[in-house]
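The lines below spell out each chain.
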Amino acid sequence: PVRVSSNASVVTVTGNTTETSVMSVTISASVLSTANAVRATAFVSAYTAGQGDNLLIKANYGANQVTSILLAPSSTVTASVGGKIEYTLLANAASDTQRGELFIDWKANRLNFLANSVLGVDGYNRGTASINSNLNQTFGLTAQWTASITGSRLDVDGYIVEKIL
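Some remarks on the pattern of salt bridges
Here comes step 1: This structure, assessed with the given rule, holds seven salt bridges.
Here comes step 2: Lys 58 is the salt-bridge partner of Glu 19, the closest N and O atoms lying 3.5 Å from each other. With Glu 19 in the loop between β2 (11-14) and β3 (20-27) and Lys 58 in strand β5 (residues 55-61), the pair connects residues that are 39 residues apart, well separated along the chain.
Here comes step 3: Across the pair Glu 101 and Arg 99 runs a salt bridge whose closest N-O atoms are separated by 3.2 Å.
Here comes step 4: Given a relative accessible area of 33%, Arg 99 falls into the partly exposed group.
Here comes step 5: Among the charged side chains, a network of salt bridges with common partners joins Asp 105, Lys 107 and Asp 122.

Remarks on the sheet that holds strand β6 (residues 64-71)
Here comes step 1: The strand order β3-β10-β5-β6 describes an open sheet built from four strands, whose pairing is antiparallel. Both edges of this open sheet fall to β3 and β6, since each of them pairs with a single strand only. Each strand axis lies, on average, 10° off the axis of its neighbour in the sheet, ignoring direction.
Here comes step 2: Here β5 pairs with strand β10 (residues 137-145) via seven bridges, running antiparallel. Counted as the bridge partner of Asn 60 is Gly 140 from β10.

Describing the side chain of Thr 41
Here comes step 1: With respect to the helices, strands and loops of the structure, Thr 41 is situated in strand β4 (residues 37-48).
Here comes step 2: A residue is classified by how much of its surface remains accessible, and Thr 41, at 11% relative accessible area, is buried.
Here comes step 3: Not counting residues up to four positions away in its chain, the partners in contact with Thr 41 are Lys 84, Ile 85, Glu 86, Gly 158, Tyr 159 and Ile 160.

Thoughts on unusual backbone geometry
Working note: non-glycine residues mostly have negative phi, and peptide bonds are mostly trans.
Here comes step 1: One non-glycine residue, Ser 33, adopts positive backbone phi at about 55°.
Here comes step 2: Of note, Ser 33 is situated in the loop between β3 and β4.
Here comes step 3: Look at Ser 33 and you get partly exposed, because its relative accessible area is 27%.
Here comes step 4: Positive phi, normally seen in glycine, also occurs at Ala 93, with a value near 70°.

Re the environment of Val 4
Here comes step 1: Tracing the chain through its elements places Val 4 in strand β1 (residues 2-7).
Here comes step 2: By relative accessible area, Val 4 is classed as partly exposed at 34%.
Here comes step 3: Note: C-alpha distance between Val 4 and Val 161 (157 residues apart in sequence) is 5.4 Å.
Here comes step 4: Ignoring any residue separated from it by four or fewer positions in sequence, one finds Val 4 in contact with Val 25, Ile 27, Val 161, Glu 162 and Lys 163.

Side note on the environment of Ser 28
Here comes step 1: Positionally, Ser 28 belongs in the loop between β3 and β4.
Here comes step 2: As for Ser 28 and Asn 134, which are separated by 106 residues in sequence, their C-alpha atoms are 8.1 Å apart.
Here comes step 3: Residues in contact with Ser 28, not counting those within four places in the same chain, are Ser 133 and Asn 136.

The rules behind the values
- Residues numbered from 1 in each chain as written.
- Predicted model: local features only at pLDDT ≥ 70, side-chain atom pairs only at ≥ 80, totals over all residues.
- Heavy atoms only, no water.
- Salt bridge = Lys/Arg side-chain N within 4 Å of Asp/Glu carboxyl O.
- Helix = DSSP H or I, 4+ residues; strand = E, 2+ residues; numbered from the N terminus.
- Buried < 20%, exposed > 50% of the residue type's maximum accessible area, 1.4 Å probe, protein only.
- Pairing = 2+ DSSP bridges.
- Axes fitted to C-alpha atoms, helices over the stretch in contact; angles between N-to-C directions.
- Contact = heavy atoms within 4.5 Å.

Everything listed here is a matter of coordinates, which is why it stays silent on function.
Have a look at this one:
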């Protein structure tokens with residue numbers, strides 16, 4: 001992999017309904033081309049959902065949403081978990097056809113590996129886009145709570161974006 005960008009600044013998305021960018025990188029013209037891919041890994045140190053609040057994570061390329069995941073926890077407050085968001089965008093045999101994969105893998109900090117249960121959040125979704133990759137395009141992730149619930153919080157501690165093919 002070739003590093004395209006990285007950032008170690010913390011972005012916090014608290015309990016309001018504003019869509020917030022947690023990662024935004026310009027992918028230079030022709031990086032995707034017809035057979036390449038880029039992958040972003042965003043590191044999450046905290047995710048806590050207030051009762052009845054949902055979190056929408058969107059993966060974008062250019063001005064378009066490629067795919068998204070809606071995290072809708074049970075009615076009880078979700079204990080804080082951390083982990084990563086992985087967003088991979090692949091050229092699909094043409095410079096204006098892409099496929100995106102979005103994966104969320106968050107776990108509780110469990111020091112007792114013998115415990116009977118593991119608290120975590122997993123999500124996966126995929127989608128397509130038709131963006132001209134022969135031009136500079138924005139590659140990004142946004143997060144948005146569906147309600148203004150005190151206590152809802154997402155902390156993204158940084159990210160790495162790589163060209164992987």
